[in-house]
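Per-entry structural report
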Number of protein chains: 2
Amino acid sequence: MSGSDTKAALVLSVDAMGGDEGPAPVVAGLALFLRDEPDVKILLHGDEATLAPMIAKRDLGHAVTIVHAPDVVAMTDKPSHVMRHGKTTSMWSAIDAVRTKEASVCVSCGNTGALMAVSMIRLRKAEGVNRPAIACLWPSRNAAGFNVMLDAGADIRADEEDLLTYAMMGASYARNGLGLKRPRVGLLNVGVEEHKGRAELKVAHELIARAAPKGEFEYVGFVEGGDLPSQRVDVVVTDGFTGNVALKTGEGTANLITDSLREAFAATVLSKMSALFAMSSLKRLRKKVDPRRVNGGVFLGLNGTVIKSHGSADATGVAAAVTLAAQLARSGFTDKLAARVASAASLAQDTDIEDASSETAKDT
Amino acid sequence: MSGSDTKAALVLSVDAMGGDEGPAPVVAGLALFLRDEPDVKILLHGDEATLAPMIAKRDLGHAVTIVHAPDVVAMTDKPSHVMRHGKTTSMWSAIDAVRTKEASVCVSCGNTGALMAVSMIRLRKAEGVNRPAIACLWPSRNAAGFNVMLDAGADIRADEEDLLTYAMMGASYARNGLGLKRPRVGLLNVGVEEHKGRAELKVAHELIARAAPKGEFEYVGFVEGGDLPSQRVDVVVTDGFTGNVALKTGEGTANLITDSLREAFAATVLSKMSALFAMSSLKRLRKKVDPRRVNGGVFLGLNGTVIKSHGSADATGVAAAVTLAAQLARSGFTDKLAARVASAASLAQDTDIEDASSETAKDT
């Protein structure tokens, strides 16, 4: 930020506390990240007496500025409690740095519910957004290696206009986060036929199809649970209840399989030998398929971007989340997203007026 | 059925047609089944000219009686079409044999939507059931190897009383199908805390907890997607939209992993060697974790039990579905289920009256 810089340095806000393992993996992750990105500045929020020696030991003082916040949001704290009493926590402080525009993007390993609640009251919903969403990355057969799914659990409900907003936000995230110029968007349902599913899905189907040209995405129509890891689609739109169940079902299935695999290999001498040969492939596989390794659920639809890193993320996981934060900050994602969402809102209003009668006749 | 039998022979009704591969795997599956169960009688519905030589060739005439039905429900036929024009199909004929009590349980590999629609109009809903459900088996860490999940997609909606009925039906199925005396039942939600989830889930939570003693199951409370394959629970209750998405997400995840595994093993000479050693373990694993191999979605809540076998089931899959049918028929499942459901209905009414005011005050 000195006068000789041709452009302002990128500044990210990182909550050092609140993860399952405390600040150690966060600082280690920052060290990994800064090795590749030495010019990025970090505002690190947490207890100064704890953090200062860790930063000094890793010699990160040139890039990291500690912002003292004495308190920590526990994993068991209720969001409502944190909203009322959390002003002195590192999480609150980290979010506020985005609010005041000192930093572009915030990263926290803390309690998801509290992080969403504090983000909502401090950053406020972006214009045209009724329900913000959490977008997660889903391991897939696509070249990028991942699909985007939203909402992964910010809200348990979504009506047709929320689903349209999710489509716009998800496409913008896939463009800026995964580098896909024209993402393919699908709407999660119990079948791909047009007559299937709940009433709000049929309306959303029409709204999203019409928004596709303006949103610069391709709408592939209804998709099913089996398409979440597929090549058919880049962005899967659903309500936060269904999305959360799907995400946890995918994790549970992946864990069951990899555990069974380990048992299968441990069963006999021959299979133990084969495990020796296969172990590195299996480790890579486990990394690929366990959605928890895909670190960084992104809160979309607020006046500022917040990334939720997994509570038990290790240094590699934290580095992945901070790298994603840097990428989104560089692409000017927050502003681009705001523009998309505002256009989605006007689009939904247009179609409401235009098609109110025909929708009713056809779908109810 | 000769006069010298001490008890009436078990009779099952099997739809020979309508699967992806036609009648061949169905007849082959029956041959497998009858090797272990020579005393069971089969009513096999389909085109007599096609089936007669297949039955003769395998020498199954002593057990199998062909019921001629000239037409076949295609996988692409809409349920509404089959309901109006399907009277001459093998599926209709197979269901009608349960309706007339000629057979105890019906098995079909045909189109799920049509099978449910025809089952509904021919068998009718059991007393006290508003929405019938499809129960599927989910590979799990439990000793039985499977958990029960319902509804897997019979209906896209379920209110609190439907969810209570599902709990009673699922527990009865786990008792009679998996041999669990006192099944543990959980209600699928986005978190295990009592304050989480949609309004109808909070009401269902109370209803199911109170029904547990009478239903002779243990209610473990809310469970998450990750618990579907877990040891925490034997029966997972959810609406058919969420259940269907979860089922297909589990399948898609399992397929992604097993395909990645095959690629990992094909990558290098060393890994090819290890694959040779490991292949049989991997094959067993794939069978275990791919929910499609768990053959037999059971329609619950009708006046008669119908088992949906996977459309692409091979002989082993068909044999598994028919074995399940025999087990349920022997346990007198249809009558036991009807009794459970009737008691659930009266239970829900009781609690409605008793708690209408307190529920409203607490949950809305």
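Before going into details, it helps to say that this report is about the structure given with it. Quick caveat: nothing in here was measured; it's all calculated off a predicted structure. (Residues numbered from 1 in each chain as written. Chains lettered and ligands numbered in written order. Predicted model: local features only at pLDDT ≥ 70, side-chain atom pairs only at ≥ 80, totals over all residues. Heavy atoms only, no water.)

All names here are of chain B. Between its terminal C-alpha atoms helix α6 (residues 160–177) stretches 25 Å, which fits the 26 Å expected from 18 residues at 1.5 Å a residue. The element α6 is extensively covered by neighbouring structure, given that 16 of its 18 residues are classed as buried. Capping the start of α6, D159 holds a side-chain oxygen 3.0 Å from the backbone nitrogen of E161, two or three residues further along. G179, located one to two residues past α6, shows a positive phi value of around 70 degrees. (Helix = DSSP H or I, 4+ residues; strand = E, 2+ residues; numbered from the N terminus. Expected span 1.5 Å × (residues − 1). Buried < 20%, exposed > 50% of the residue type's maximum accessible area, 1.4 Å probe, protein only. Polar contact = N/O pair within 3.5 Å; in protein donor to acceptor, adjacent residues only side chain to side chain.)

Residue and element names in this part refer to chain B. The mixed open sheet is built from 11 strands, whose spatial order is β3-β2-β1-β4-β11-β10-β5-β6-β9-β7-β8. Taken across any chain shown, the strands that pair with only one partner, and hence form the sheet edges, are β3 (64–68) and β8 (218–223). Geometrically, the sheet is characterised by an average inter-axis angle of 25 degrees between neighbouring strands, direction not taken into account. Where strand β4 (residues 105–108) meets strand β11 (residues 305–308), 4 bridges bridge the pair, whose relative direction is parallel. What sits directly across from S108, in β11, is K308. Packed onto the sheet, helix α2 (residues 48–57) meets β2 (41–46) and β3 and runs at close to 170 degrees relative to β3. (Pairing = 2+ DSSP bridges. Axes fitted to C-alpha atoms, helices over the stretch in contact; angles between N-to-C directions. Contact = heavy atoms within 4.5 Å.)

Residue and element names in this part refer to chain A. The strand order β3-β2-β1-β4-β11-β10-β5-β6-β9-β7-β8 describes an open sheet built from 11 strands, whose pairing is mixed. Of all the strands in the sheet, just β3 (64–68) and β8 (218–223) have a single pairing partner and so form its edges. Pairwise comparison of adjacent strand axes, ignoring direction, gives a mean angle of 25 degrees for this sheet. The strands touched by helix α1 (residues 24–36) are β1 (11–15), β2 (41–46) and β3; relative to β2, the strand with the most contacts, the crossing angle is about 180 degrees. Sheet contacts for helix α7 (residues 199–215): β7 (184–188) and β8; angle to β8, the most-contacted strand, approximately 165 degrees.

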